[in-house]
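Close look at the chain arrangement
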Amino acid sequence: MSDLSKMKISEARDALNKGYLTSVELTEACLSEIEKSVSLNAFVHRTPELAMDMASAADANKDGGDLNGIPLGIKDLFCTKGVPSQAASGILAGFKPEYESTVTSLLFASGAVMLGKLNMDEFAMGSSNETSVYGNAINPWKLRNDAAELTPGGSSGGSASAVAADLCLGATGTDTGGSIRQPAAFVGITGIKPTYGRVSRWGIVAFASSLDQAGPMTKDVRDAAIMLRAMSGHDPKDSTSADLTVPDFEAALTGDIRGKVIGIPNEYRMDGMSVEIEKLWADGTAMLKDAGAEIRNISLPHTKYALPAYYVIASAEASSNLARYDGVRFGHRAKLSAGDGITEMYEKTRAEGFGREVKRRVMIGTYVLSAGFYDAYYNRARKVRALIKRDFENVFSDGIDAILTPATPSAAFRLGEMTDADPVQMYLNDVFTVTVNLAGLPGIVLPAGLNKDGLPLGLQLIGRPWEEGDLLNTAYTLERAAQFVAKPKRWW
Amino acid sequence: MSIDIQTARRVAKLARIAVSESDFPELAKEFSAMLGFIEQLNEVDVDGIEPMTSVTPQRLKRRVDIVNDGGQPIEILANAPDVREGFFAVPKVVE
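Quick summary incoming for the structure in this document. (Residues numbered from 1 in each chain as written. Chains lettered and ligands numbered in written order. Predicted model: local features only at pLDDT ≥ 70, side-chain atom pairs only at ≥ 80, totals over all residues.)

Remarks on the overall build of chain A
Scanning chain A from N- to C-terminus turns up 15 helices and 11 strands. The C-alpha atoms of chain A give a radius of gyration of 21 Å, which matches the 23 Å a tight globule of 492 residues would have. Pairs at least 24 apart in sequence give 78% of the contacts found in chain A among residues at least 6 apart. (Helix = DSSP H or I, 4+ residues; strand = E, 2+ residues; numbered from the N terminus. Rg over C-alpha atoms; globule rule 2.2 N^0.38 Å. Contact = placed C-beta atoms within 7 Å.)

Now the structure itself:
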């Protein structure tokens, strides 16, 4: 029975449709795996009763959607009605939304079953899931001869860990600077950040609104295509959501990329890049070439400035978005001393409720937006962002269909390894992914090999805006060539 | 540009986050490191470049100017830490 949770969404869908399997059986198998996997700390709020109700309803529904009866994990950043949704922050302790996010509404309308809420970095700020109020999520992978616990990446670390350890068939993630793609790479799964505006942000706790996008984290590219379609679509409640029809992404998976032009950006070849990452990248390039694509070297000259621009823009938007956590309408309020007024209430509440990294970013954001510095920092960063986007527009107008890059500068690292490092060191994890958010483009990461220590390494493909179908097909072709089948050895 | 303790104190105040006096030196150091990283942006020639306002070329959608939500005080107040007589309660604001 326990093997059921290892199924891919496409396999389970077919088995459910043919009546070989019920959603109740599948959901029970996942719930049982979740119970046995407490040491991964991936699921932080479990909803077994709700899951069983949803599974029974799916079994009774003969005309369900694409995800009818498929058990999923939901990142804690998504508001789910009546179920704790606290963005892994102490300041939202006890918060149970009275509404359902658009993404989870769409998934449930498609028949998906929610198993519970998944661990993450606080307010999605982090690259190792170490800023969570729930404690670290743990990577199911280990180094070959070392028992040390590794990070599943972040911020969608719980989602990554849960999918890689087969606790669920797929999970939702969100990606502001790489928070779907870096964890996907660290645990050997597939994750796509769609074009900005493809997926509604309504009901997702906001971090940096001009960069945030939700997307699926799944066991393969086909599953990503199935789940992304169910999550996507225009939403009048999100004014930046695009009024475009959602194509059948799965139908785009032909495995034929003959004549497509793949760009290899010079600027992503960084000083001190490991030989393993270089080889992985070269191997991926060769695979796409063998599949009939034309390979072209390209230049994205402003790449180097993406991370500093990102930290100005994301922190500025975060300082504004997180102003709502004031201890008045929801979440935590500090105990006040006699004589404390409303300002003390705000200051004490926010000091107690926010973790260190969140405070740091809110204050940096406050600084770059403050009088006298707004032009020098915030406006300059927005200008650099325009140039970064223009770099991509130039290569796309030169005929590039997709861009191949490494996903991360390294494999998963040990939990605690970066604790004493300069925060900038941690930010470098997102060096290959953050450009994509700044330019609003779709980006997908898929596993492509193992490093010498037996840990998965991922490659990233970046596509043209709104052409997720084409991007998924290129990723599908690469997936078939790379034949990554390794799984973490069970220790949990 | 390096951030002094006085600036760190001002930023914490603006952000409405209580920071204990002994933590300011470390905070100022962290801010300075971050700003040092950010200052790479000064190398970029941004003459004549408009600051990005929207990453996708679409116009923001407008909706009809009518009330389309409301009438749910119980739901609105359900998560509040302190509620009195159907209102959010806060410490005294006006003397």
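Here we look at the overall build of chain B
Summing up its helical and strand segments, chain B has three helices and two strands in all. Going from the N terminus to the C terminus, chain B shows its helices and strands as α-α-α-β-β. In terms of C-alpha radius of gyration, chain B reaches 22 Å, well past the compact-globule figure of 12 Å for 95 residues. Seen through its principal axes, chain B has C-alpha atoms that stretch 55 × 45 × 25 Å.

Describing unusual backbone geometry
Across the junction of Gly 154 of chain A and Ser 155 of chain A, the peptide omega takes the value 10 degrees, indicating a cis bond. Residue placement: Ser 155 of chain A occurs in the loop between β3 (113-118) and α5 (157-164). Unlike most non-glycine residues, Glu 85 of chain B shows phi in positive territory, near 50 degrees. Looking at where Glu 85 of chain B falls in the secondary structure, it is placed in the loop between β1 (83-84) and β2 (87-88).

Examining the packing of helix α2 (residues 23-36) of chain A against helix α3 (residues 48-60) of chain A
All names here are of chain A. At a minimum axis separation of 8 Å, α2 and α3 run at an interaxial angle of 160 degrees. Compared by their axis directions, α2 and α3 come out roughly antiparallel. In the packing of α2 onto α3, the handedness of the crossing is right-handed. Here α2 contributes Ser 23, Val 24, Thr 27 and Leu 31 to the contact with α3, which in turn contributes Pro 48, Ala 51, Met 52, Ala 55, Ser 56, Ala 58 and Asp 59. Among the residues forming the contact of α2 with α3, the class breakdown is seven nonpolar, three polar and one charged. (Axes fitted to C-alpha atoms, helices over the stretch in contact; angles between N-to-C directions. Parallel < 35°, antiparallel > 145°, perpendicular 65-115°, else oblique. Left-handed = near helix turned anticlockwise from the far one by under 90°. Nonpolar A, V, L, I, M, F, W, Y, C, P; charged D, E, K, R; others polar.)

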